[in-house]
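# Commentary on secondary and tertiary structure
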Amino acid sequence: MSYLQWSDDLSTGIAVIDSQHKRIIHYINQLEDARSLNEPELVYEVLIHLTDYTLSHFAFEESLMEDAGYVGAEIHAKTHDSFKEKIKSYAERHKGGEDVTEELSKLLNVWLIEHIASDDASYAPAVLNSIPGINSDKKKGWLTSKLHTFFS
Amino acid sequence: MAHIQWTDDLNTDIEVIDKQHKRIVNYINSLEDVKGQNNRAVEEQVLNELVDYTLSHFAFEESLMEDAGYGFINGHKRVHQLFVKRVSGFLQRFKLGEDITEELLTVLKAWLINHIKSDDNDYAEIVRKNLGDMHEKKGDGWLSKSVKKFFG
């Protein structure tokens with residue numbers, strides 16, 4: 001069985017956020033297990049953890065964006081709300097006896113690419129700049145790469 | 001559902017915090033034990049003790065983060081506040097006679113494991129260092145005085 005691995009491309013440069021994001025990779029892999037081992041109980045477990053993720057991780061992230069004065073914070077929060085509703089819907093459908101494994105797995109994969117790799121990457125510089133002393137190596141690296149983009 | 005087993009990856013290597021986390025795990029496991037006994041008075045007692053202890057733990061943890069100058073304290077506090085809100089919702093339903101213990105246990109277990117591994121793990125280094133510095137400055141006894149302030 002081949003599991004999805006965390007890639008540095010997904011890193012925001014904020015260790016605690018990356019740690020929270022890695023949970024999505026874990027859930028994608030757990031769903032793969034659920035599918036190949038035919039274990040709906042695993043799907044239930046993923047849905048429980050995803051529900052927690054949508055509440056805890058999103059609250060944490062939104063707090064960071066607000067503190068940083070990130071201009072896209074409101075729109076970002078709306079994307080979170082939409083994902084929360086989708087997870088709620090999958091949880092209800094699973095409770096009703098439906099097999100949502102495939103659809104849920106697709107949703108998480110898309111979320112990884114569209115939201116984590118893109119939307120979350122967008123707020124990272126504002127947050128990194130707003131919190132004194134954190135990830136200072138990453139801040140330097142980010143700035144160097146930005147300079148290269150515009151001035152090489 | 002099984003008890004939570006303490007594993008190495010739940011250690012923050014801050015003795016006072018790990019001790020409190022283990023106590024919360026014990027409360028959750030106690031709730032698991034009383035769940036099937038059909039004794040609401042006992043369930044209510046364990047629930048109240050769990051909530052009271054967790055609130056004190058949050059306040060203590062936040063004071064350690066504040067003293068250490070942990071950059072993501074606001075995000076972390078927001079996650080604590082949201083957790084308190086969620087559990088309060090369950091307590092209200094319990095008081096109205098609903099059987100919520102199974103559902104609450106599922107939420108508690110998922111939340112605690114994810115929160116300790118990601119969020120608490122992130123403050124560990126800076127808090128550990130600050131506690132070491134404080135111990136050097138203030139000597140023995142000051143930490144236990146601080147714990148008493150929150151736990152009585």
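Use the structure listed above.
What comes next is a walk through the structure. The model shown is predicted, which means the values in this text are computed figures rather than measured ones. (Residues numbered from 1 in each chain as written. Chains lettered and ligands numbered in written order. Predicted model: local features only at pLDDT ≥ 70, side-chain atom pairs only at ≥ 80, totals over all residues.)

### Considerations on the environment of B:I14
Residue and element names in this part refer to chain B. With respect to the secondary-structure elements, I14 resides in the segment before α1 (15–35). Expressed as a C-alpha distance, the spacing of I14 and E125, which sit 111 residues apart in the sequence, is 8.9 Å. Every residue in contact with I14, bar those within four places of it in the chain, is listed here: A124, V127, R128 and L131. (Helix = DSSP H or I, 4+ residues; strand = E, 2+ residues; numbered from the N terminus. Contact = placed C-beta atoms within 7 Å.)

### What to know about the packing of helix α2 (residues 40–68) of chain A against helix α3 (residues 73–95) of chain A
Residues and elements named next belong to chain A. One way to put it is that α2 packs onto α3 with a least axis distance of 10 Å and a crossing angle of 170°. Our classification of the angle between α2 and α3 gives roughly antiparallel. Seen along the crossing, α2 lies across α3 with a hand that is left-handed. In this structure, α2 uses V43, Y44, L47, L50, T51, T54, F58, E62, M65 and E66 to contact α3, whose residues at the interface are A73, H76, A77, H80, F83, K84, I87, Y90, A91 and H94. (Axes fitted to C-alpha atoms, helices over the stretch in contact; angles between N-to-C directions. Parallel < 35°, antiparallel > 145°, perpendicular 65-115°, else oblique. Left-handed = near helix turned anticlockwise from the far one by under 90°.)

### A closer look at the interface of chain A and chain B
Opposite the 19 residues of chain A that make contact, chain B presents 15 residues. For the side of chain A that touches chain B, the elements supplying multiple residues, two or more each, are α1 (15–37) and α2 of chain A. Here the side of chain A that touches chain B gets 10 residues from one element, more than from any other, and that element is α2(A). Class assignment for the residues of the side of chain A that touches chain B results in 10 nonpolar, six polar and three charged. (Nonpolar A, V, L, I, M, F, W, Y, C, P; charged D, E, K, R; others polar.)

### Thoughts on the nonpolar core
Burial of nonpolar side chains together is a common tendency in soluble globular proteins. Grouped together as the largest cluster of nonpolar side chains are 29 residues, with contacts concentrated most on A:I14, A:V127, B:L108 and B:V127. Secondary structure elements with two or more residues in this core: α1, α2 and α4 (101–130) of chain A together with α1, α2 (40–68), α3 (73–95) and α4 (101–138) of chain B. For this core, the leading source of residues is α4(B), giving nine residues. B:V127 has contacts with B:I14, B:L64, B:M65, B:A68 and B:Y70, leaving out every residue within four places of it along the chain. In terms of nonpolar packing, the next biggest core, distinct from the first, is built from 16 residues, A:I24, A:L31, A:I87 and A:I116 among them. (Core = buried A, V, L, I, M, F, W, Y, C linked by C-beta atoms within 7 Å. Buried ≥ 20, exposed ≤ 12 C-beta atoms within 10 Å, placed from the backbone.)

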